[in-house]
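# Per-entry structural report
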Amino acid sequence: MDIDALSLNELKALRSRVDRAIVTYEERKKKEALAELEEMARRMGYPLADLLAMSTVKPRKTVAAKYANPANPSETWTGRGRKPKWVEAALASGKSLEDLTI
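Quick caveat, the model's predicted, so the values are computed rather than measured. Here the residue index of a chain counts from 1 through its sequence in written order. Since the coordinates come from a predicted model, pLDDT governs what is reported: local features require at least 70, and pairs of side-chain atoms require 80 or more to be given and counted, while whole-chain, interface and lining totals use all residues. No hydrogens and no water enter the side-chain calculation; it runs on all heavy atoms of the structure.

### Regarding the pattern of salt bridges
What counts is decided by this rule: When a carboxyl oxygen of Asp or Glu is within 4 Å of a side-chain nitrogen of Lys or Arg, the pair counts as a salt bridge. Helix numbering and strand numbering both begin at the N terminus, where a helix is a DSSP run of H or I of at least 4 residues and a strand a DSSP run of E of at least 2. Burial classes: relative accessible area under 20% of the type maximum marks a residue as buried, over 50% as exposed, and values in between as partly exposed (1.4 Å probe, protein chains only).
Following the criterion strictly, the structure yields five salt bridges and no others. Taking the shortest distance from any N to any O, the salt bridge between Glu32 and Lys29 comes out at 3.5 Å. In this pair, Glu32 and Lys29 are both assigned in helix α1 (residues 8-43), three residues apart and thus about one turn of the helix distant. Accessibility expressed as a relative area gives 44% for Glu32, which makes it partly exposed. Of the charged contacts, one joins Glu39 and Arg43 as a salt bridge, the two residues approaching to 3.9 Å between their closest N and O atoms. Linking Glu39 with Arg43, this pair stays in helix α1, spanning four residues, or about one helical turn. When salt bridges with common partners are traced through the structure, they connect Glu39, Arg42 and Arg43 into a single cluster.

### Considering helix α3 (residues 85-92)
Heads up, the condition is: Arc definition: directions from the helix axis to the C-beta atoms. Whether two residues are in contact is decided by their heavy atoms: any pair within 4.5 Å suffices.
All buried positions along α3 are accounted for by Trp86, Val87 and Ala90. Along the axis of α3, the buried residues cluster in a sector spanning 100 degrees; they form a single face. Those residues of α3 that are exposed and aimed more than 90 degrees away from the buried face are Lys85 and Ala92. Packing partners of the buried residues in α3 comprise β1 (67-68), β2 (76-77) and α4 (97-100). Positioned one or two residues after α3, Gly94 has a phi angle of 105 degrees, which is positive.

### Details of the environment of Pro73
Along the chain, Pro73 turns up in the loop between β1 and β2. Looking at Pro73, the relative accessible area reads 59%, which means it is exposed. As a C-alpha pair, Pro73 and Leu100 span 27 residues in sequence and 9.9 Å in three-dimensional space.

This is the structure:
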């Protein structure tokens, strides 16, 4: 296409068409990708919605620390999960969890 040969009105019309194409390009590509994924899931015998629902991970809420190492207060523990070694050592030495409470 020789754009130098176009009139001003033709150039403006072309620009308008190009602007619309740019705006809708990403949307078209997403729709194509979705259709391809739906087809692939269908061939495997699953609805795509079921597969997508499996991948949703609920974010964990942060929990405030309940216990701190008396020897090093920067070492803390929420009371959830495996006990840190410093907690196990404190308990073995006769302290209770209440002694370690922040």
